[in-house]
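Read off the chains here:
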Amino acid sequence: MARDPDTIQREIEQARDALASTLDQLGTKANPKKLVNEAKAGAASTLNSPKVKYPLIGVGALILLLLIRKLFR
């Protein structure tokens, strides 16, 4: 069964519009700046949690004390 050219043209335009919309969504989702900002926010959130923050402070203080001790020996 043959379709008329107008129907085929409309289907092509609908497919083109759907493809353009999908590409726009992918471009927004895979934007490098957005990915970097999300990674920064995730890292900051992780580092600000008490389970990570206080042990890091302790390790930093220990390293500082060891450096000072080594300098004065």
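What counts as what
Residues numbered from 1 in each chain as written. Predicted model: local features only at pLDDT ≥ 70, side-chain atom pairs only at ≥ 80, totals over all residues. Heavy atoms only, no water. Helix = DSSP H or I, 4+ residues; strand = E, 2+ residues; numbered from the N terminus. Rg over C-alpha atoms; globule rule 2.2 N^0.38 Å. Areas by Shrake-Rupley, 256 points an atom, 1.4 Å probe, with all protein chains shown as cover. Lys, Arg positive; Asp, Glu negative; His and termini not counted. Charge placed at Lys NZ, Arg CZ, Asp CG, Glu CD. Axes fitted to C-alpha atoms, helices over the stretch in contact; angles between N-to-C directions. Parallel < 35°, antiparallel > 145°, perpendicular 65-115°, else oblique. Contact = heavy atoms within 4.5 Å. Nonpolar A, V, L, I, M, F, W, Y, C, P; charged D, E, K, R; others polar.

Asks: Hey, could you run me through the overall build of the protein chain in this one?
Replies: Within the protein chain one finds three helices and zero strands. Secondary structure of the protein chain in N-to-C order comes out as α-α-α. Computed over the C-alpha atoms, the radius of gyration of the protein chain is 28 Å, more than 25% above the 11 Å expected from 2.2 N^0.38 for a compact globule of 73 residues. Projected onto its principal axes, the C-alpha positions of the protein chain cover 95 × 25 × 20 Å. Accessible surface for the protein chain amounts to roughly 6,800 Å². Of this, 66% is attributable to carbon and sulfur atoms. Placing the 12 positive and 7 negative side-chain charges of the protein chain at their respective mean positions leaves the two points 34 Å apart.

Asks: What is the right way to read the packing of helix α2 (residues 32–48) against helix α3 (residues 50–71) from this model?
Replies: A pair of packed helices can be characterised by two numbers: the angle between their axes and the separation between those axes. Running from N to C, α2 and α3 point in directions that differ by 70 degrees, and their axes come no closer than 5 Å. Comparing the axis directions of α2 and α3 gives the class roughly perpendicular. For the pair α2 and α3, contact is made by T46, L47 and N48 and by P50, V52, K53 and L56, respectively. Looking at the contact of α2 with α3, its residues break down into four nonpolar, two polar and one charged.

Interpretation note: all reported values are geometric properties and have no functional meaning in isolation.
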